[in-house]
Amino acid sequence: LVGVVALVGMFYGVSEVVDDVRALSVAALSAVLFALLANALAAVLRFKIIATEIEYPITVRRAVAAVSAGSLAGALFFQIAGQLMARGVIAGRGGMPFAAVVAITAYERITAAIVSALFALGGAFFIFGNVYLDRSAGGADLIKIMVGLVAATAAGALMGYGRIDCA
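Residues numbered from 1 in each chain as written. Predicted model: local features only at pLDDT ≥ 70, side-chain atom pairs only at ≥ 80, totals over all residues. Heavy atoms only, no water.

Draft legend 1. Highlighting the overall build of the protein chain. Helix and strand content of the protein chain: seven helices and zero strands. For the protein chain, the N- to C-terminal ordering of α and β elements is α-α-α-α-α-α-α. At 21 Å, the protein chain has a C-alpha radius of gyration far larger than the 15 Å of a compact globule built from 167 residues. Once the C-alpha set of the protein chain is aligned to its principal axes, its extents read approximately 70 × 50 × 30 Å. Looking at the protein chain residue by residue over its 167 residues, the buried ones come to 17%. By sequence separation, contacts in the protein chain at least 24 residues apart represent 40% of the contacts at least 6 residues apart. Working note: accessible area of the protein chain is about 12500 Å², and carbon and sulfur atoms make up 72% of it. Computed over 11 positive and 9 negative side-chain charges, the inter-centroid distance for the protein chain is 9 Å. (Helix = DSSP H or I, 4+ residues; strand = E, 2+ residues; numbered from the N terminus. Rg over C-alpha atoms; globule rule 2.2 N^0.38 Å. Buried < 20%, exposed > 50% of the residue type's maximum accessible area, 1.4 Å probe, protein only. Contact = heavy atoms within 4.5 Å. Areas by Shrake-Rupley, 256 points an atom, 1.4 Å probe, with all protein chains shown as cover. Lys, Arg positive; Asp, Glu negative; His and termini not counted. Charge placed at Lys NZ, Arg CZ, Asp CG, Glu CD.)

Set out below in structure tokens:
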């Protein structure tokens, strides 16, 4: 982050960046800030719901703290490592083990990726009018990768949850 800020400052100058920011309308800046806030609240909600699902209920306040600290640490350090360390510290204060934080973060990222993919698919359909996979242009490989990911996820879930007793 510091390196990017230094490079932008070096190549474009601080005054040019400030002028470009000033050129943005209040409506555009408001839309950006609203989108960032909505994203943060969605991340908090995902974290809270997933924590409750794996039987480590967490308060909204602690979820906000964990997600916020994770986002800041991820921006300052390597994204996933910084996020896990910060979330682990905050959630650990509430009695949640670090392994649960790792599981929640992985589950949350998978959920976010699926939602993002669905929005991307919807956006492509909106822009282009149709969406299809061309097998000769890599579509077949994409299908193989997706089937492999689904199979690996299903196998991991079966191994992780163990046998279900039908008593």
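Draft legend 2. Looking closely at the pattern of salt bridges. Applying the stated criterion across every chain, the model contains two salt bridges. Here Glu108 makes a salt bridge to Arg46, at a shortest N to O gap of 3.3 Å. Of this pair, Glu108 sits in helix 6 (residues 98-128) while Arg46 sits in helix 3 (residues 26-53), and the two are 62 residues apart along the sequence. Linking Arg87 and Glu108 is a salt bridge whose minimum nitrogen-to-oxygen distance equals 2.6 Å. Of this pair, Arg87 sits in helix 5 (residues 79-93) while Glu108 sits in helix 6, and the two are 21 residues apart along the sequence. We classify Glu108 as buried; its relative accessible area is 4%. (Salt bridge = Lys/Arg side-chain N within 4 Å of Asp/Glu carboxyl O.)

Draft legend 3. Molecular detail of the packing of helix 4 (residues 60-76) against helix 5. Between helix 4 and helix 5, the shortest axis-to-axis distance is 7 Å and the interhelical angle comes to 150°. Comparing the axis directions of helix 4 and helix 5 gives the class roughly antiparallel. The handedness of the crossing between helix 4 and helix 5 is right-handed. Across the interface between the two elements, Arg62, Ala65, Ala66, Val67, Ala69, Gly70, Ala73, Gly74 and Ala75 of helix 4 pack against Gln79, Gly82, Gln83, Ala86, Arg87, Ile90, Ala91 and Arg93 of helix 5. When its residues are assigned to classes, the contact of helix 4 with helix 5 shows nine nonpolar, five polar and three charged. (Axes fitted to C-alpha atoms, helices over the stretch in contact; angles between N-to-C directions. Parallel < 35°, antiparallel > 145°, perpendicular 65-115°, else oblique. Left-handed = near helix turned anticlockwise from the far one by under 90°. Nonpolar A, V, L, I, M, F, W, Y, C, P; charged D, E, K, R; others polar.)

Draft legend 4. Region of the structure containing unusual backbone geometry. A positive phi is found at Glu55, a non-glycine position, where the angle reads about 65°. Among the secondary structure elements, Glu55 is positioned in the loop between helix 3 and helix 4.

Draft legend 5. Quick peek at the environment of Arg109. With respect to the secondary-structure elements, Arg109 resides in helix 6. We classify Arg109 as partly exposed; its relative accessible area is 37%. Along the chain, Arg109 and Arg46 lie 63 residues apart, while their C-alpha atoms are 9.4 Å from each other. When near neighbours in sequence (up to four residues on either side) are disregarded, Arg109 contacts Gln79, Ile80 and Gln83.

Function cannot be read off these values alone, since they describe shape.
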